[in-house]
Amino acid sequence: MATSLRQKEIIRGKILYYLGLIYPQSATLPLLQGELDFFGYPVTLDDLSFHIAYLNEKGLVAVEGVRGFRSFRNVSLVKITAKGIDYRDGRLPQDEGIYLEPGK
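Computed from a predicted model, the values in this text were never measured in an experiment.

Trainee: Looking at this structure, how should I read the side chain of Lys14?
Mentor: If you trace the backbone, Lys14 turns up in helix α1 (residues 5-22). A polar side-chain atom of Lys14 sits 2.4 Å from a polar atom in the side chain of Glu101. The contact partners of Lys14, leaving out residues within four places of it in the chain, are Leu36, Phe39, Tyr41 and Glu101.

What follows is the structure, encoded as structure tokens:
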């Protein structure tokens, strides 16, 4: 199923919205994936990784790789940055690649 350009923008906005709700905590990719599914925007982990990389390059989220609890796998933790909070709160110019619902 192809995701429209607008859906991609909405998904990025939902990621920032959710990360802002749990700030200063971080989220794993599976947790973000589950939240997006709950919001009605199911994405694959590959697509989610793309959106996170996009937001990371914009400086709106930070990604930290940590070793998983009792495992040798690395786990990516995603956290909204101060710039991401400012963007989400409307204190920065709107980015056409990210859609935030009014009042969010």
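From this point, the discussion proceeds with the structure in view.
Trainee: Is there a simple way to think about helix α2 (residues 29-38) in this case?
Mentor: Because an α-helix packs 3.6 residues into every turn, residues spaced three or four apart end up facing the same way. Within α2 the residues assigned to the buried category are Leu29, Leu32 and Leu36. Along the long axis of α2, the arc covered by the buried residues comes to 60°, so they all point the same way. Set apart from the buried face of α2 by more than 90 degrees, the exposed residues are Pro30 and Phe38. Against the buried residues of α2 lie α1, β1 (27-28), α3 (45-57) and β3 (74-80). Gly40 sits one or two residues past α2 and shows a positive phi near 95°.

Trainee: Hey, could you run me through the packing of aromatic side chains in this one?
Mentor: Two numbers describe a pair of aromatic rings. These are the distance of the centres and the angle of the planes. Scanning the model with the defined rule gives 2 aromatic pairs in all. Among the aromatic residues, those joined into a cluster by ring pairs are Tyr17, Phe38 and Phe39. Arg12 extends its terminal NZ or CZ atom over the ring of Tyr54, reaching a point 4.0 Å from the ring centre. In this structure, Lys14 is placed above the aromatic ring of Phe39, and the distance from its NZ or CZ to the ring centre is 5.4 Å.

Trainee: Help me understand the sheet that holds β1 in this model?
Mentor: Each strand in a sheet pairs with another by means of backbone hydrogen bonds, the pair being arranged parallel or else antiparallel. Reading across the sheet, the 3 strands line up as β1-β3-β2 and stay open at both edges, with antiparallel pairing between neighbours. The sheet is open, and its two borders are formed by β1 and β2 (61-67), each paired with just one other strand. One ladder, built from 7 bridges, connects β2 with β3; its direction is antiparallel. Looking across to β3, one finds that Val61 is bridged to Ile80.

Trainee: Help me understand α3, please; the structure alone is not making it clear to me.
Mentor: Taking 1.5 Å per residue, 13 residues should reach 18 Å; α3 reaches 18 Å between its end C-alpha atoms and fits that length. Of the positions making up α3, those classed as buried are Leu48, His51, Ile52 and Leu55. Considered in projection along α3, the buried side chains sweep an arc of 100° and stay on one side of the axis. When the buried face of α3 is taken as reference, the exposed residues oriented beyond 90 degrees from it are Asp46 and Glu57.

About the cut-offs
Residues numbered from 1 in each chain as written. Predicted model: local features only at pLDDT ≥ 70, side-chain atom pairs only at ≥ 80, totals over all residues. Heavy atoms only, no water. Helix = DSSP H or I, 4+ residues; strand = E, 2+ residues; numbered from the N terminus. Polar contact = N/O pair within 3.5 Å; in protein donor to acceptor, adjacent residues only side chain to side chain. Contact = heavy atoms within 4.5 Å. Buried < 20%, exposed > 50% of the residue type's maximum accessible area, 1.4 Å probe, protein only. Arc of directions from axis to C-beta. Phe/Tyr/Trp six-rings, centres within 6.5 Å; stacked < 30°, edge-to-face > 60°. Lys NZ or Arg CZ within 6 Å of the ring centre and 35° of its normal. Pairing = 2+ DSSP bridges. Expected span 1.5 Å × (residues − 1).

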